[in-house]
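Examining the three-dimensional arrangement
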Amino acid sequence: MNSSRRHTSAAPMEAQSIRIDCPAAGDRRKVSVSEFGAQPVEGFCNGEAFRKAIEYCRQEDISELVVPRGIYRFLSGEHPVFDGLRDFRFDGGGSELIFSTAAAFVTIRHCERAVFENFTVDWDWDQQPLASIGRIRQVAEDGLSFELELPEYEGVPKRFDIRTLNPMNPRTLTPGCEGGKEFSGEPLGPATVVARNAVRIELPNAADYRFLKPGQTYIVRHYVYDANGFELQGNRHLRMADITIYSAPGHAFVVSGEQRNWTLDGCRVVKRPGTTRCISATADGCHISNSQGHFVIENCDFSYNGDDCLNIHDNSVQGFERIGVAKLRLSRVFKWRNPFDEGDPIEFRRADLSPTGIVARIVEAQWDERGEGCTIEFEAPLPDDLVGNEILFNRKYDSGRYVVRRNFFHQNRARGVLLHAGDGWVENNHFYLNQGSAIQIECGAESRWAEGFGAENVTIRGNLIESCDVNHWNMAVIYMGVYLEQGRTRYPVFRNICIEDNTIVNCPQQAIFVSSCNRVFIRNNAIMNSNTGPRKTAEDGDGNCVSNRELYLGSLMVSHAEDVTIENNRRLTIVPATEDGICVDPETTDNVLVRNNTGFGDRSGVDERTKESG
């Protein structure tokens, strides 16, 4: 044993002091939207009235805009845009804003010391549902079509676009179910009405859809990324409080640009009570991308989203063509996803995410007319040894430095919290019936996605995780790993991670899986009824499942890692389990210490250490 390499506790992370200033005191002049013609009247469009009111506040430096309680409809694409307001408060007065055009409901950009509070937004489902409950009533004998019943409706909606079919539990009507498989509506034939509330859908082939069976129930999404509830861009010291989103045809909240020092407090993304809706926002509850971080999300409720409850990331891109000594051509980029600009510092990482030591600054970025390709010129020649498969990190952005606490993440289609950024605390949250992992720490680059720059200094503490990873997507309810075209990497892109004092109840496969990391502490966690689902193979999953599922062993597992401590964890099982151990891959790990754990089969209470390098 190398005595110089000892495990010590990670230095305790102080809760980030994220300052969010209130609007400055002063001449608190107040106006009402009613003064500009807004009316809570059925059939009246309030777009112009809200526009006039907001513009007046901006020009006259008004401190507060209020909305008399009522239901305000927006019948055209003219939706509220708050731009450049300072020391400002918007009080919704408990009102509802109802939208019927697929454009961002509310845009807030370049505001400073602003508060938005006390109102609800929703989509007009009477005009067009965002999603429907669909139940398979029969599959053709040749397997080339199936009939889908729509039990919510007397008739088939006039517009019945099928974007995706996501499995749902027919008893609880929540996303995901044992053995459920998602599939896209893109290759399917048109929906032909065959009964009062049923359609026949043609399949491109029979072999890929053999899993379809009568009685299966699906969330049929008609919208996915069409329009967001709130778009928050480049604000400073922004507070969003007591806001409810019943539905949106996209993400509920989107955060981007120079935005920093902001909070969501007491906000809810939930289904409207008294309805049979199967979805709230059709994509993420809160989607944070290419921002400046420094935020707090607390006391919120995210549920029934069409994707992740919370996704924190910055975007990367892999692969390029050299077209000059200081110029590259990128083809796997979109302007909205990879906003390259003059002056941005670009770090080049190898295909395994390890550093090249090269950081270059952009002097010009030229986008294709459609914004689907980009030519970048740098201020100095690039080294000749760049081979073209490197991963580019735009270091202008860092969505890290966050606190996520006392939230309820539940009953959504994908992950509870997806972390691609560091310097964060995730504590005292409740995760329940999320279709994917409760907490997923990730980084990677492949043909569909290229997200995250790695994560350092993250504490996951005091969370209650119940019945998550419903569809066995990630094999663990707390999952840490990379996705790369060549597979896992030994490079520790995740560093100084503490997973402690959490309670994990009823997960089908592993409780915790960590990889591509160093200095990780897994301690004092209570794990109850882990590994209670049937073993899964690649054939059992859908396109979102991790590959090589047979390699995930035990209830806790460490792979491609160094300096990991697993101690004082307790596992308790009441029902039969497929596995119960702590698995450390000896071929890909160094210096993993396992001690004082109970209930983990042969390795419980064993004080042992894997091989050490050096």
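Structural notes, computed from the coordinates. (Residues numbered from 1 in each chain as written. Predicted model: local features only at pLDDT ≥ 70, side-chain atom pairs only at ≥ 80, totals over all residues. Heavy atoms only, no water.)

1. Topic: the overall build of the chain
Regarding its fold elements, the chain presents 1 helix and 49 strands. Of all intrachain contacts in the chain linking residues separated by at least 6 positions in sequence, the fraction that spans at least 24 positions is 73%. When the accessible surface of the chain is totalled, it reaches about 24300 Å², and 45% of it is carbon and sulfur. In the chain, which carries 67 positive and 86 negative side-chain charges, the distance between the mean positions of the two groups comes to 2 Å. (Helix = DSSP H or I, 4+ residues; strand = E, 2+ residues; numbered from the N terminus. Contact = heavy atoms within 4.5 Å. Areas by Shrake-Rupley, 256 points an atom, 1.4 Å probe, with all protein chains shown as cover. Lys, Arg positive; Asp, Glu negative; His and termini not counted. Charge placed at Lys NZ, Arg CZ, Asp CG, Glu CD.)

2. Quick notes on the nonpolar core
One finds Phe82, Phe116, Met240 and Phe253 to be the most contacted residues of the largest nonpolar core, which totals 113 residues. Element by element, the count of residues in this core is highest for strand β43 (residues 510–523), at 6 residues. With near-sequence residues (within four places) excluded, Phe116 lies in contact with Phe82, Phe88, Phe90, Ile108, Leu238, Arg239, Met240, Ala241 and Ile243. (Core = buried A, V, L, I, M, F, W, Y, C linked by side-chain atoms within 4.5 Å. Buried < 20%, exposed > 50% of the residue type's maximum accessible area, 1.4 Å probe, protein only.)

3. Let's talk about the side chain of Ser145
Looking at the element boundaries, Ser145 is found in strand β9 (residues 145–149). On the accessibility criterion, Ser145 (11% relative accessible area) is buried. Once residues within four sequence positions are removed from consideration, Ser145 is found in contact with Val139, Ala140, Arg200, Ile201, Glu202 and Leu203.

4. Brief notes about the sheet that holds strand β30 (residues 391–394)
The sheet built from 7 strands is open, its strands ordered β24-β30-β27-β28-β29-β26-β25 with antiparallel pairing. Every interior strand has two partners, whereas the edge strands, β24 (316–318) and β25 (321–324), have only one. Between one strand and the next, the sheet's axes are offset by a mean angle of 35 degrees, whatever the strand orientation. (Pairing = 2+ DSSP bridges. Axes fitted to C-alpha atoms, helices over the stretch in contact; angles between N-to-C directions.)

5. Concerning the sheet that holds strand β8 (residues 131–139)
Overall, antiparallel pairing links the 7 strands, which are arranged β11-β10-β14-β8-β9-β13-β12 in an open sheet. Here the strands that pair on one side only, and so sit at the sheet edges, are β11 (183–184) and β12 (191–195).

6. Observations concerning the packing of aromatic side chains
For the coordinates displayed, the defined rule picks out 31 aromatic pairs. Judged by centre distance (5.4 Å) and plane angle (50 degrees), the rings of Phe36 and Tyr56 are tilted. Of this pair, Phe36 sits in the loop between β1 (30–32) and α1 (47–60) while Tyr56 is found in helix α1, placing the two residues 20 residues apart along the sequence. Tyr56 gets classed as partly exposed once you look at its relative accessible area, which sits at 33%. Between Phe320 and Phe348 the ring centres are 6.1 Å apart and the planes differ by 85 degrees, which places this aromatic pair in the edge-to-face class. You can see Phe320 sitting in the loop between β24 and β25 and its partner Phe348 sitting in strand β27 (residues 345–349), a full 28 residues away along the chain. Taking the relative accessible area as the measure of exposure, Phe348 reaches 0% and is therefore buried. (Phe/Tyr/Trp six-rings, centres within 6.5 Å; stacked < 30°, edge-to-face > 60°.)

7. Things to note about unusual backbone geometry
For Asp61, which is not a glycine, the phi torsion comes out positive at approximately 55 degrees. What makes Asp61 exposed here is its relative accessible area of 55%. At Asn261, a position not held by glycine, the phi torsion is positive, near 55 degrees. Locating Asn261 in the fold gives a position in strand β18 (residues 260–265).

8. Focus on the pairing of strand β29 (residues 374–378)
Regular strands place their side chains on alternate faces of the sheet. Within β29, 4 of the 5 residues are buried, which leaves the element mostly enclosed by the surrounding structure. Where strand β26 (residues 327–330) lies against β29, 4 bridges are found, and the strand directions are antiparallel. By the bridge assignment for β29, Leu328 is matched with Ile376. Two elements, strand β28 (residues 355–367) and β29, share 5 bridges in a ladder whose sense is antiparallel. The residue bridging Gln366 from the neighbouring strand is Thr375, located in β29. Hairpin connection, β28 to β29: the antiparallel pair is bridged by 6 residues, and Gly371 has positive phi, about 70 degrees.

9. Examining a nonpolar patch on the surface
A grouping of Met528, Leu572, Ile574 and Val575 is seen on the molecular surface, where their side chains present a nonpolar patch of about 330 Å² in accessible area. Within the fold, Ile574 resides in the loop between β46 (570–572) and β47 (582–584). (Patch = residues over 30% accessible without salt bridge, like charges linked within 9 Å, V, L, I, M, F, W, Y side chains within 5 Å. Salt bridge = Lys/Arg side-chain N within 4 Å of Asp/Glu carboxyl O.)

10. Notes on the state of the cysteines
This structure, assessed with the given rule, holds 0 disulfides. Cysteine Cys57 remains unbridged, with the sulfur of Cys111 as its closest cysteine sulfur at 11 Å. Accessibility expressed as a relative area gives 1% for Cys57, which makes it buried. Residue classification places Cys111 among the buried positions, given a relative accessible area of 2%. (Disulfide = S-S within 2.5 Å.)

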